[in-house]
Amino acid sequence: MTRAVSLRGLSKTYARAATAVDRFSLDIAPGEFLVLLGPSGCGKSTVLRMIAGLEDITEGELLLDGEYANDVPPRERGMAMVFQSFALYPNLTNRHNIGFPLKVQYPHEDHSARIEATARMLGIDDTLDSYPNQLSGGERQRVAMGRAISRRPSVFLMDEPLSNLDAKLRNHLRAEIAQLTDELGVTTIYVTHDQAEAMSLGDRVAVMRAGVLQQVSTPRETYAVPANVFVAAFIGTPRINLLQAVVHAPLAERMCIDLGRQRLPLPEPLSHDLQLLRIQQGRPVVVGLRPEAARIAPPSHARPGEVPLTGIVEHTEYQGHEALVHLNTGSRRAVVPDLESARPGPGPGSRAPGRLGRIKERAGALAKPRSSAADGPEAGAPDAHTPERATIRAGDLVLRTGPDTRLRTGAQVPLLVDLGQLYVFDHRGRRICPAPTEIPGLYE
Ligand SMILES: Nc1ncnc2c1ncn2[C@@H]1O[C@H](COP(=O)(O)OP(=O)(O)OP(=O)(O)O)[C@@H](O)[C@H]1O
């Protein structure tokens with residue numbers, strides 16, 4: 001059996017604490033795999049615990065199969081929870097750990113067949129007579145999952161079940177969880193702060209920030225059409241490049257996006273999405289370019305929709321299947337406060353003061369800002385005395401290239417930016433390009 005879970009304006013306020021979850025609404029279909037994703041402390045576990053009945057709901061409604069369920073005791077909700085810490089009974093064999101919930105529910109029945117079938121499904125049938133301390137972390141987490149499965153719950157609640165495991169095992173178990181929940185067809189709500197895990201597991205991903213739901217969509221939509229700058233920055237590795245910019249849209253001239261030291265010209269005729277940017281004239285915006293949205297090539301190689309920019313190579317990270325080139329375009333990075341500490345900094349070489357200084361000097365030598373209606377305090381080109389100066393750093397743009405690309409540090413290289421992959425966010429961080437109501441090309 002599987003069931004629908006609906007959250008209607010769910011809020012949670014702890015005594016003497018800020019609101020942990022703020023008017024959270026979501027409908028989860030029977031059999032769906034929904035991932036709750038967000039940084040530490042954003043309220044993911046609190047949502048899960050309210051669904052489980054382990055936490056009182058301060059405001060709002062929980063519906064199970066359409067029925068009001070705020071007051072249903074946890075054991076009557078037909079849910080099973082798997083936590084980050086394996087939480088097994090150390091003095092019970094794995095067989096008894098898996099069978100424990102069955103024994104509590106039906107003390108006089110023989111559960112051997114179901115325990116063994118569950119263990120086979122999880123590939124731990126040969127460890128049934130061992131104790132948890134005789135198992136590896138991955139095996140212990142399988143036993144914990146076995147205990148959750150054996151009860152045949154109608155909803156699985158998983159709270160970072162893989163975060164105590166090493167990367168290799170995590171990837172392996174991730175695939176197993178996907179297969180298992182698919183086979184069982186049970187509604188699964190899975191909490192993680194790992195965006196790669198969320199993207200690979202979820203039918204849909206619900207991104208949270210500071211207790212508030214930001215976006216709920218398929219992994220593909222979440223990546224392709226993030227609702228705001230927070231979601232754009234949270235999803236994708238390497239992270240999207242976010243640059244401070246100003247839209248420059250004089251009536252008689254071509255529109256462009258001023259990045260401070262360089263501009264992105266917007267070729268005529270403008271696409272519908274780019275036309276809508278006109279109303280942002282003179283306003284600060286944030287430009288988002290994923291690492292695959294630009295390539296190293298001269299202007300003569302431009303394909304339709306590509307516009308030129310230049311950058312100075314700061315350093316190249318070899319990744320085996322690709323290389324990541326860190327470039328300095330003289331732009332100012334935009335900061336997403338909740339995420340900034342998690343952002344990988346520039347490479348080790350760039351931390352050497354002499355080299356950083358040299359890179360900054362070269363950045364200064366890039367195309368000088370032309371006179372612009374948008375020039376001014378918000379437009380970029382900050383002078384050395386403004387605090388903004390500190391935000392001009394080497395490596396404002398990271399691009400993906402082939403693994404064999406050889407680039408000399410300090411070389412100035414021509415770039416082509418694909419405007420079809422350009423994101424623009426307004427001063428409040430909402431996506432304004434592509435326009436919010438459209439999902440261009442996604443279902444073609
Ligand atoms: N029992 C509690 N009393 C007071 N505040 C709490 C309690 N439990 C959680 N909080 C607060 O509620 C907020 C949300 O916590 P929650 O554990 O749901 O976040 P999370 O997104 O699951 O974080 P993590 O990924 O670190 O587990 C945090 O600010 C946390 O400090």
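Residues numbered from 1 in each chain as written. Predicted model: local features only at pLDDT ≥ 70, side-chain atom pairs only at ≥ 80, totals over all residues. Heavy atoms only, no water.

Participant: Teacher, can you tell me more about the packing of aromatic side chains here?
Facilitator: According to the stated counting rule, one finds four aromatic pairs in the structure shown. Taking 5.7 Å as the distance between ring centres and 40° as the angle between the ring planes, the aromatic pair formed by Phe33 and Tyr190 counts as tilted. Of the two residues, Phe33 sits in strand E3 (residues 33–37) while Tyr190 sits in strand E8 (residues 187–192), which places them 157 residues apart along the sequence. Accessibility classification places Phe33 together with Tyr190 in one group, the buried group. Aromatic side chains Tyr89 and Phe100 sit 4.7 Å apart centroid to centroid with 50° between the ring planes, which places their arrangement in the tilted category. (Phe/Tyr/Trp six-rings, centres within 6.5 Å; stacked < 30°, edge-to-face > 60°. Helix = DSSP H or I, 4+ residues; strand = E, 2+ residues; numbered from the N terminus. Buried < 20%, exposed > 50% of the residue type's maximum accessible area, 1.4 Å probe, protein only.)

Participant: Explain unusual backbone geometry to me, please; I cannot follow it from the model alone.
Facilitator: Residues apart from glycine generally show negative phi values, whereas peptide bonds are mostly found in trans. A cis geometry characterises the amide bond from Thr237 onward to Pro238, with omega recorded as -5°. Within the element layout of this structure, Pro238 appears in the loop between helix H8 (229–234) and strand E11 (241–248). The step from Cys433 to Pro434 runs through a cis peptide bond, and the omega angle for that step is -5°. Counting through the fold element by element, Pro434 comes out in the segment after strand E21 (431–433). Even without being glycine, Arg23 reaches a positive phi, approximately 45°. Along the chain, Arg23 falls in strand E2 (residues 19–28).

Participant: Help me understand the nonpolar core, please; the structure alone is not making it clear to me.
Facilitator: Most often, soluble globular proteins keep nonpolar side chains buried together rather than apart. Counting residues in hydrophobic clusters, the biggest one holds 46 residues, and the most contacted among them are Ile177, Tyr190 and Leu242. Here this core gets six residues from one element, more than from any other, and that element is H8. Val247, Val307, Leu397 and Val424 belong to the second largest nonpolar core, which has 32 residues in total. (Core = buried A, V, L, I, M, F, W, Y, C linked by side-chain atoms within 4.5 Å.)

Read these as layout, nothing more, since geometry by itself doesn't imply function.
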